[in-house]
Structures are given as C-alpha cells and as structure tokens.
Amino acid sequence: MFKLRFRQIHLDFHTSEQIPGIGSRFDPEEFAETLARARVNSVTAFSKCHHGLIYHETRFEARHPHLQRNLLKEQIDACHARDIRVPIYISVGFDEFMARRHPEWLEVDGNGRRSGAAPLQPGWHKLCFNSPYLDYVLEQTLEVMELFAPVDGFFFDIIGQGQCHCPFCLDSMRQEGLNPEEEADRLRFAKRVVDRFKRRFTAAIRERSADCSIFYNSGHIYPDWRPILDTYTHLELESLPSGGWGYLHFPLTVRYARTLGFDYLAMTGKFHKSWGDFSSYKNLPALEYDCFTALAYGAKCSVGDQLHPTGQLSRATYDLIGAVYRQVEAKEPWCDDVVPEVEIGLFNPEAVGNADARVDTSAAGAQRMLTEGHHQFDVIDAANDWSRYRVILLPDKIPMTEEIRGKVAEYLAGGGSLITSYESGMGPDKRGFVIPGMPAGFIEPAEFSPDFVVARDPLAEALGDAEQVMYDRGILLKPAADAEVLADIWNPYFNRTWEHFCSHSHTPCERPSGAPAVVQRGRIIQFAHPIFAMYQRHGVRAYKQMVLSALARLLPDPLVKTDAPSTAHLTVNRQPEQRRSVLHILHYIPERRANTLDTIEDVIPLYHLRVALKREQEPARVYLAPSGDEVACTYRDGYAEVVVPEVRGHQMVVFED
Ligand SMILES: [Zn+2]
C-alpha cells in the first residue's frame with residue numbers, strides 16, 4: 001500500500017495571466033526552508049492551474065506569459081534537497097486558456113448554454129471530458145513526466161462530468177446505444193466518460209512510472225468509485241469546514257473512506273473561508289481541530305494554501321501551520337499504521353443513490369447521535385465485510401435491493417443486530433418490508449403529522465412519560481405478534497389545514513393511535529419515523545435519546561463508556577504491531593460566528609474525564625501521549641477505567657496490552 005506523509009501542504013497557484021512578475025520574489029532556499037521550518041514534508045505544487053497556465057519551461061503555448069523562471073523545477077529541486085516530497089498538480093476540468101481557444105470543448109447544458117461563468121461574470125468554465133481537450137491534458141501530463149522524471153506523484157483536479165449535451169457527447173451516446181433524451185442515460189454516460197479518463201491516464205502514467213502516486217480529486221469520496229479505485233494510489237479527502245463542506249463532512253466521509261483499503265489524508269485549508277481567500281488565516285484552534293481530527297480518524301494531514309504570484313510564501317501562514325505541524329509530528333508515533341476499533345456500521349445512503357446532499361441529512365443525523373453518544377462506528381455499504389460490526393444502522397431510506405437484502409439476511413443469521421427507521425428495509429417498490437424477521441409490517445404513510453411519541457417502560461428511563469412531538473411524518477406499522485412495542489404513537493385532534501387549525505403551530509396531542517413508534521423483535525429495532533434526518537433537521541435531544549436507548553438494548557457493553565459531554569468526540573485506534581490501542585479525545589466546539597460559516601476560536605478544557613475502554617484483559621500500562629505520563633487504571637467487568645486529568649483540545653490515552 002502506498003503510504004502518505006503526515007504533514008502536507010496543497011499549494012494552490014491559480015494565477016491570472018494579467019498579473020506580472022510571476023515568481024519574481026521566489027527564492028528556492030527560502031521556499032524550502034520555510035516549509036521545513038513549519039515541519040512540512042510534502043507539498044503539492046503546480047504544473048497547470050485553473051487558468052490553464054503552466055509554471056515551468058514547456059513546449060506548450062500555455063506557459064504563464066509573465067513567468068520569470070522555471071518555477072516548478074526550482075521548487076522540486078529545493079524541496080527534494082530537504083527530503084520534502086512534491087506531487088504535481090494538474091487542473092483538468094478547468095482550463096481557461098483552452099476554454100477561450102476552444103469553446104467547442106466546453107460542457108453544454110440541455111439549453112445549449114456552455115458550462116460555467118456567464119460572459120460578463122468572472123469565474124471558471126468546465127471542459128467536457130469527452131472532447132479532444134483530454135488529448136491535450138494527457139500530452140501535457142506526459143511532458144511533465146519527462147521534464148521532472150522521476151515524478152513523485154500527480155494530483156489531478158476538477159474531475160467530473162455533468163450531463164453534457166455537446167456534439168461530441170451526443171455522438172458518442174448514440175454510438176454506444178444510449179439515449180441522450182433520457183437523464184439516466186446521460187448520467188450513465190457521464191460516469192463512463194470520467195471512468196475512462198481515469199483508466200486512460202493511470203495506464204499512460206504507469207507505462208512511465210511504476211510507483212508515482214496518483215489521485216483524482218472531486219472534492220468528495222464517492223461510493224460509485226469502487227470499480228475504478230484501482231486507478232488511485234491513495235485518497236485525499238478535501239474538506240474545508242469553513243469553505244462549504246461544513247464540520248460534518250470530514251468525519252462522515254473518512255468513516256467510509258477508511259474502509260476502502262488505502263492510505264488517506266484530510267485536506268483542510270489555512271484560509272478563514274475557502275480556497276483563494278488571500279491574506280486570511282484560520283484560527284489556530286480551528287486548524288488544530290482539523291489536523292488532530294485527521295489523526296483521530298487515522299488520516300494524514302494536508303493544509304491548503306495559495307502561493308502569492310511573486311512566489312513568496314507567507315511567513316504568518318507558515319508560523320500558523322508550523323505551530324500545528326510541530327504538535328502533529330510529536331503525535332505521529334501513536335497515529336501511524338492504525339486500524340479503527342469499531343463495532344457499529346452506518347449504512348451510507350449515498351451508496352444507494354439516496355443522498356439528498358454531499359452530506360446526507362439522515363447520515364448526518366445518525367453521525368451526530370453516535371458521535372455525541374461516544375460510539376465507535378464506520379460508514380459502510382453492501383461491499384464491506386459486515387462481520388466485524390455488532391450493530392448495523394439502516395437510516396430512514398435504505399431500500400433493499402436483492403444484493404443488500406441478501407447481505408442483511410446473512411448478517412442477521414450470523415447473530416448481528418439491526419436498527420432501521422422509516423422506509424429502510426422496504427423493497428425498492430416501497431410496498432412493504434422484505435427483511436426477514438422485521439418487527440412490524442407496513443400499513444401506509446401516517447395520516448397525522450406532526451404526531452407524538454409516548455415511551456413505554458424500556459425507553460421511559462431516557463424519555464420520561466411525557467409525550468414528545470415528532471415534527472416529520474412517519475409510517476403506520478403493524479407489529480408482529482411476538483414483537484415488543486417500546487413506544488407508541490399518539491395523534492393530534494386533527495392535522496393543521498385551512499378547515500381546522502389550532503394556535504400558532506401543530507395541533508395538540510389527543511389520543512393513542514394504536515400504532516407503534518418503536519418496536520423490537522429479537523435483534524431488530526424499528527422506528528416508524530425518519531428519526532435520523534429528524535435529529536439533523538430539528539435537533540431534538542429526545543430523538544437522539546430514543547435511538548441511543550434502543551441501541552443500548554442491542555449493545556449493552558459498548559467499546560467506550562464515559563461521562564464526557566456530548567461536545568467531546570472519542571475515537572479508538574489500534575496499532576496492532578505495537579500491541580496497543582490509542583484513545584483520542586477531541587474537545588473543540590465549532591460555533592456559528594458569522595452568517596454563513598462556523599469556526600472555532602477557543603479551546604475549552606475538560607478536567608477529570610472518566611473513560612472506560614472495553615478490554616479483554618487488564619492493560620499492562622496506560623499513559624497519556626505524547627507526554628508519557630502514566631494514568632492509574634482500574635480493571636473491572638471487562639473495562640479498563642481511567643480518569644483523564646485534562647483534555648486541552650486533543651488528548652491521546654494509550655492502552656498497552
Ligand atoms: Zn460533452
């Protein structure tokens with residue numbers, strides 16, 4: 001497996017042709033020294049940018065018109081002299097130089113409009129991956145391989161294809177027996193075009209280099225990459241919390257990406273907002289959070305920056321990055337060659353084409369519940385090995401294709417436990433549940449909404465006996481004769497309509513509906529409402545408590561027990577070779593401090609945190625890392641219990657076998 005370095009920079013350099021003096025203040029020694037001082041050991045540097053301009057000697061016309069030196073060559077030589085790796089960046093989907101010369105190579109939408117910024121607007125244009133443009137990108141890539149042999153690696157950016165209606169695509173679709181009038185065919189073709197691009201480029205690169213790294217970036221890790229993953233050497237998870245991805249994207253995506261069998265990194269940015277945000281600086285605790293979260297999930301770190309047109313790195317930026325990377329370096333021995341210790345699998349709605357956004361609402365709600373409850377879980381699809389999970393969650397809208405149904409049945413037969421909600425577990429036609437042993441059958445969508453839940457004894461400890469409003473519509477279930485109802489649905493007097501309404505909001509609760517809200521049969525617990533998306537949409541703590549209480553019935557002895565607050569995130573990584581497990585405790589609280597973005601400004605320390613980690617035997621030694629301070633450990637009932645004296649942002653606790 002290709003191994004990534006821990007402390008990387010992704011050094012953007014999209015630089016307008018109208019800016020003079022490109023690289024005029026570049027000093028190779030100062031450049032490499034600045035990186036080395038910030039403890040950087042890999043920097044992704046630019047061959048060709050989104051402007052389509054090239055930053056080194058080249059036979060192509062697109063050399064930046066004001067480039068004053070052989071910039072990339074000098075960057076590589078200076079970095080290599082200090083053992084800093086330099087993967088090479090090539091922009092594929094955006095290339096303004098070629099977009100202007102060959103507008104016929106742009107993607108075209110269904111109305112004949114060329115993709116990207118309007119004629120009088122600034123911004124990029126998207127080139128079609130089925131046009132002759134790709135021949136040019138390949139030739140340019142191969143020139144880079146000759147000029148800089150042996151290259152460390154490639155980072156190809158803006159890898160994607162929309163539903164293109166350009167003449168090349170219409171012709172190709174017809175030739176391949178696809179109907180351009182059908183959206184499904186256009187999508188299938190677009191995917192095919194991108195897959196072919198990856199196959200073609202990896203094959204051409206591999207003819208010339210057996211081992212350089214290759215990554216194709218689309219700003220996310222998509223489940224439909226599985227059949228094409230052999231064209232990658234590793235995964236880079238671009239996710240700038242303040243740059244549109246949000247704080248939920250990385251943890252959710254990495255929990256899936258880490259199951260795919262590659263080394264992987266977390267790419268954040270040093271920017272206050274997002275890419276291209278010159279002369280802005282992320283708060284130090286926010287950058288610490290991004291990098292230490294990467295470590296907690298077994299990822300390497302990459303911080304995005306953009307080089308000034310003069311070629312000089314910003315001292316303030318590398319003081320900031322250095323302050324975090326020195327800490328990362330000290331933590332690395334406990335973060336390398338790790339496998340997560342997990343016991344829950346959360347089925348990824350993206351894998352069945354049901355995600356409603358890049359961060360799906362139901363998956364986000366499930367992630368919040370499990371993380372706030374300090375549970376250890378992966379995000380999975382039907383291709384994973386499910387035998388390592390004690391409980392699997394099918395959130396809200398996971399239809400049972402033949403493949404998934406078979407997988408679920410086999411998992412249940414092997415003793416696994418299942419939590420389903422709303423329509424998960426139904427066949428694709430949504431006419432009924434098809435999982436063997438489901439606690440309840442489907443009658444129809446609920447007539448009343450909002451309705452109410454009243455807990456029975458098994459859930460009453462968490463919920464109390466008060467009715468709880470359920471804001472989104474559920475389904476009417478008929479429990480099996482041998483199923484146990486854990487909570488009931490109560491109905492309002494009537495739905496709020498023009499004919500009858502009451503007060504400012506939903507109608508009050510009146511009577512039991514006779515239908516269950518939560519029902520258990522054996523090792524399956526079923527919810528009538530889309531409880532996971534509801535938690536993400538409405539933030540009602542009781543929704544989380546319902547799920548966590550149900551989960552506790554199936555998983556009474558979770559891997560981690562703690563009195564930590566819900567703002568603390570706990571993960572456990574195993575280092576098999578060192579025969580030890582590393583518990584990561586993160587306590588940073590993202591806060592909405594502007595209309596459109598969340599950030600972290602302060603570290604709020606926690607003291608005397610009680611954590612019990614399930615172990616088969618008493619640990620030989622428990623200590624804090626990287627300080628090495630020993631921690632007293634009590635071993636009882638299969639748990640090694642410690643009191644962590646202080647968590648100042650991030651603390652690792654090492655349990656040696
Ligand atoms: Zn096209």
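A few points on the structure. Given the structure is predicted, the values throughout are model-derived calculations rather than measurements. (Residues numbered from 1 in each chain as written. Predicted model: local features only at pLDDT ≥ 70, side-chain atom pairs only at ≥ 80, totals over all residues. Heavy atoms only, no water.)

Here's the deal with the overall build of the protein
(1) Moving on: Counting its regular elements, the protein contains 15 helices and 30 strands.
(2) Moving on: In terms of overall dimensions, the protein is globule-like: its C-alpha atoms have a radius of gyration of 27 Å, near the 26 Å expected for 657 residues.
(3) Moving on: Here the protein, with 657 residues, has 59% of them falling under the buried criterion.
(4) Moving on: For the protein, the exposed surface amounts to about 26,400 Å²; the carbon and sulfur share of it is 48%.
(5) Moving on: Across the protein, the 71 positively charged side chains and the 89 negatively charged ones have centroids separated by 1 Å. (Helix = DSSP H or I, 4+ residues; strand = E, 2+ residues; numbered from the N terminus. Rg over C-alpha atoms; globule rule 2.2 N^0.38 Å. Buried < 20%, exposed > 50% of the residue type's maximum accessible area, 1.4 Å probe, protein only. Areas by Shrake-Rupley, 256 points an atom, 1.4 Å probe, with all protein chains shown as cover. Lys, Arg positive; Asp, Glu negative; His and termini not counted. Charge placed at Lys NZ, Arg CZ, Asp CG, Glu CD.)

Examining empty space enclosed by the protein
(1) Moving on: A complete count under the given rule lists six cavities of 30 Å³ or more for this structure.
(2) Moving on: Its boundaries defined by the atoms lining it, the largest cavity holds a volume of some 110 Å³.
(3) Moving on: Elements represented by at least two residues in the lining of the largest cavity include exactly α8 (249-257), β7 (264-269) and α9 (284-296).
(4) Moving on: Of the residues that constitute the lining of the largest cavity, the class distribution is eight nonpolar, four polar and one charged.
(5) Moving on: One number sums up the size of the second largest cavity: a volume of about 70 Å³.
(6) Moving on: Contributing to the lining of the second largest cavity are His-220, Ile-221, Leu-252, Thr-253, Tyr-256, Asn-348, Glu-350, Arg-358 and Val-379.
(7) Moving on: For the lining of the second largest cavity, a count of residues per class yields four nonpolar, three polar and two charged. (1 Å grid on protein atoms, 1.4 Å probe; cavity = no way out; pocket = protein on both sides within 12 Å on 5 of 7 lines; lining within 4 Å. Points joined across faces, edges and corners; volume = space filled by probe spheres on them. Nonpolar A, V, L, I, M, F, W, Y, C, P; charged D, E, K, R; others polar.)

Observations regarding the packing of aromatic side chains
(1) Moving on: Counted under the stated rule, the structure contains 28 aromatic pairs.
(2) Moving on: Positioned above the aromatic ring of Phe-97, the side-chain terminus of Arg-101 is 3.5 Å from the ring centre.
(3) Moving on: Over the ring of Tyr-623 we find Arg-621, and its NZ or CZ is 4.1 Å from the ring centre. (Phe/Tyr/Trp six-rings, centres within 6.5 Å; stacked < 30°, edge-to-face > 60°. Lys NZ or Arg CZ within 6 Å of the ring centre and 35° of its normal.)

Observations regarding the pairing of strand β5 (residues 213-216)
(1) Moving on: The alternating pattern of β5 places Ser-213 and Phe-215 on one face and Ile-214 and Tyr-216 on the opposite face, and all of these are buried.
(2) Moving on: Of the strand pairs in this sheet, strand β4 (residues 153-157) and β5 are connected by four bridges, and their pairing is parallel. When the sheet's bridge partners are listed, Phe-155 is paired in β5 with Phe-215. (Pairing = 2+ DSSP bridges.)

A word on the coordination of the zinc ion
(1) Moving on: Protein-derived coordination of the zinc ion comes from Cys-128 (SG), Cys-164 (SG), Cys-166 (SG) and Cys-169 (SG), at a distance range of 2.2 to 2.3 Å.
(2) Moving on: Coordination geometry of the zinc ion: the four donor atoms subtend angles of 99 to 117° at the metal centre, consistent with an arrangement described as tetrahedral. (Donors = N, O, S within 2.8 Å, 3.2 Å for Na, K, Ca; no water. Tetrahedral: all angles 85-135°; square planar, octahedral: opposite > 155°, others 65-115°.)

Brief notes about the side chain of Gln-520
(1) Moving on: In this fold, Gln-520 is placed in strand β19 (residues 509-521).
(2) Moving on: Engagement of the side chain of Gln-520 in a polar contact is seen with the side chain of Arg-553, the distance being 2.6 Å.
(3) Moving on: Not counting residues up to four positions away in its chain, the partners in contact with Gln-520 are Pro-439, Ala-483, Glu-484, Leu-486, Ile-525, Arg-553 and Leu-554. (Polar contact = N/O pair within 3.5 Å; in protein donor to acceptor, adjacent residues only side chain to side chain. Contact = heavy atoms within 4.5 Å.)

Some words on the pattern of salt bridges
(1) Moving on: All chains considered together, the criterion is met by 55 salt bridges.
(2) Moving on: We note a salt bridge from Asp-336 to Lys-300, for which the minimum N-O separation is 3.7 Å. Taken as a pair, Asp-336 in the loop between α10 (315-331) and β9 (339-340) and Lys-300 in strand β8 (residues 300-306) lie far apart in primary sequence, 36 residues in all.
(3) Moving on: We classify Asp-336 as partly exposed; its relative accessible area is 23%.
(4) Moving on: The residue Glu-646 makes a salt bridge to Arg-648 at a minimum N-O spacing of 2.8 Å.
(5) Moving on: In this structure Glu-646 comes out as partly exposed when scored by relative accessible area, which is 29%. (Salt bridge = Lys/Arg side-chain N within 4 Å of Asp/Glu carboxyl O.)

Considering the sheet that holds strand β18 (residues 484-492)
(1) Moving on: Pairing within the open sheet is mixed, and its nine strands lie in the order β11-β10-β12-β13-β20-β19-β18-β15-β16. The two strands at the open ends of the sheet, each matched to only one other strand, are β11 (377-380) and β16 (468-470). Put simply, the sheet's adjacent strands are angled 25° from each other on average, direction ignored.
(2) Moving on: Note that β18 and β19 share seven bridges and pair antiparallel. Bridge assignment links Asn-491 to a residue of β19, and that residue is Arg-511.
(3) Moving on: Across the sheet, α8 touches β10 (344-347) and β11, and the angle it forms with β11 is around 75°.
(4) Moving on: Where helix α14 (residues 531-538) meets the sheet, its contacts fall on β12 (391-394), β13 (417-421), β16 and β20 (524-527), and the angle it forms with β13 comes to roughly 60°. (Axes fitted to C-alpha atoms, helices over the stretch in contact; angles between N-to-C directions.)

Some thoughts on the packing of helix α4 (residues 133-147) against helix α6 (residues 183-208)
(1) Moving on: Packing of α4 against α6 leaves a shortest axis separation of 11 Å and a crossing angle of 25°. The angle between α4 and α6 places the two elements in the roughly parallel class. Between α4 and α6 lies a crossing whose hand is right-handed. Here Leu-134, Asp-135, Val-137, Leu-138, Thr-141, Leu-142 and Met-145 of α4 come into contact with α6, specifically with Phe-197, Arg-200, Phe-201, Ala-204, Ile-205 and Arg-208.
(2) Moving on: A breakdown of the residues in the contact of α4 with α6 according to their chemical character gives nine nonpolar, one polar and three charged. (Parallel < 35°, antiparallel > 145°, perpendicular 65-115°, else oblique. Left-handed = near helix turned anticlockwise from the far one by under 90°.)

Topic: the sheet that holds strand β23 (residues 580-586)
(1) Moving on: In spatial order, the strands read β9-β22-β23-β30-β27; together these five strands make up an open sheet with antiparallel pairing. Unpaired on one side and paired on the other, β9 and β27 (621-625) mark the two borders of the sheet.
(2) Moving on: Here strand β22 (residues 569-575) runs beside β23; their pairing, made up of seven bridges, is antiparallel. Bridged to Arg-574 within β23 is Ser-581.
(3) Moving on: Of the strands in this sheet, β22, β23 and β30 (650-656) touch α9, which is tilted by about 150° from β23.

Digging into α14
(1) Moving on: Listing the buried residues of α14 in full gives Ile-531, Phe-532, Ala-533, Met-534 and Tyr-535.
(2) Moving on: Among the structural elements, α11 (361-372), β12, β13, β16, β20 and α15 (541-554) are those in contact with the buried residues of α14.
(3) Moving on: Of the residues flanking the end of α14, it is Gly-539, one or two places downstream, whose phi is positive at about 65°.

Considering the pairing of β13
(1) Moving on: Here β13 lies mainly inside the structure; five of its five residues are buried.
(2) Moving on: Both faces of β13 are covered, namely the face carrying Ser-417, Ile-419 and Ser-421 and the face carrying Leu-418 and Thr-420.
(3) Moving on: When β12 meets β13, the two strands line up parallel, connected through four bridges. Looking at the pairing, Leu-394 lines up with Thr-420 of β13.

Regarding the packing of α8 against α11
(1) Moving on: Relative to each other, α8 and α11 sit at 90°, their axes nearing to 10 Å. Regarding the angle of α8 to α11, the classification is roughly perpendicular. Contacts between α8 and α11 involve Pro-251, Leu-252 and Arg-255 on the former and, on the latter, Ala-363, Ala-364, Gln-367 and Thr-371.
(2) Moving on: Residue composition of the contact of α8 with α11, grouped by class: four nonpolar, two polar and one charged.

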